[in-house]
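Spelled out from the first residue to the last, the chains are:
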Amino acid sequence: MDDQSCSTREAAEALGICVRTAQLWVEHGRLRAWKTPGGHRRILRESVNAELRAREKECGGGSQNFDVLIVEDERIQRQILQAKVAGVSGEISVRTAYNGVEGLIKMGERQPQILVTDLMMPGVDGFHLLSTLTTSPLIKPMQVIVVTAMSDEAIQEKGGLPEGVVLFHKPVQIPDLLAVIRAYYNGWSLQRKTLG
């Protein structure tokens, strides 16, 4: 980074996010940037520093909750899942996104312990979202749960799902989904008590 600006890659490295997330933050105005005559983005260093200061403030101010991110384009389904998952424990923080782009942005802000995602969504769909997660070295392991109306055959035609993904078909049986989330939450809670 020079005194005033940096490249997208330099900003991503400083913030601990992937380059694509940095690009999305620029497109959504979260990072202030401009393009050089050659078409390269230059991001204001102060914009990156502001993000780092905000992150430090967030990390320093309060307990670390178990975080679940729900990426679902159907509003009613998103609200139902959010309410049900939040009811598992008061220590669970539930955030939502309506498509893959917003999901990636929110994961750049704070990576969840569990990602619950649909596959067929407008813009960046669940397949692209999962592909980005599996190819980014900056994304730490998280449990991924897919909730979709697609058949197993249709999923395979699109290339299948990464290893370790838990699959639920719509209409999802909420108690079954909550049982999986509860199991991961209980493991996290036990680990925190052991370390603490």
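A short tour of the structure in this document, coming up. Only a predicted model underlies this, so the values are computations on that prediction, with no experimental measurement involved. (Residues numbered from 1 in each chain as written. Predicted model: local features only at pLDDT ≥ 70, side-chain atom pairs only at ≥ 80, totals over all residues. Heavy atoms only, no water.)

Attention now moves to the environment of S131. The topology assignment puts S131 in helix α6 (residues 126–135). Exposure remark for S131: the relative accessible area of 39% places this residue in the partly exposed category. C-alpha of S131 to C-alpha of L161: the two residues are 30 residues apart in sequence and 9.0 Å apart in space. (Helix = DSSP H or I, 4+ residues; strand = E, 2+ residues; numbered from the N terminus. Buried < 20%, exposed > 50% of the residue type's maximum accessible area, 1.4 Å probe, protein only.)

Mapping T148 onto the fold places it in strand β7 (residues 143–148). Of the residues examined, T148 reaches a relative accessible area of 0% and is grouped as buried. A distance of 3.0 Å separates a polar side-chain atom of T148 from the backbone nitrogen of M150. Other than its neighbours up to four places away in sequence, T148 contacts D118, L119, I155, L167, F168, H169 and K170. (Polar contact = N/O pair within 3.5 Å; in protein donor to acceptor, adjacent residues only side chain to side chain. Contact = heavy atoms within 4.5 Å.)

Should their charged atoms come close, side chains of opposite charge can pair. For the coordinates displayed, the defined rule picks out 10 salt bridges. Across the salt bridge formed by K170 and E74, the nearest N and O atoms sit 3.8 Å from each other. One end of the pair, K170, is in the loop between β8 (166–169) and α8 (174–195); the other, E74, is in the loop between β4 (66–71) and α4 (75–86), with 96 residues separating them in the sequence. K170 gets classed as partly exposed once you look at its relative accessible area, which sits at 21%. For E74, a relative accessible area of 42% puts it in the partly exposed group. (Salt bridge = Lys/Arg side-chain N within 4 Å of Asp/Glu carboxyl O.)

Any link to function would need more than the numbers given here.
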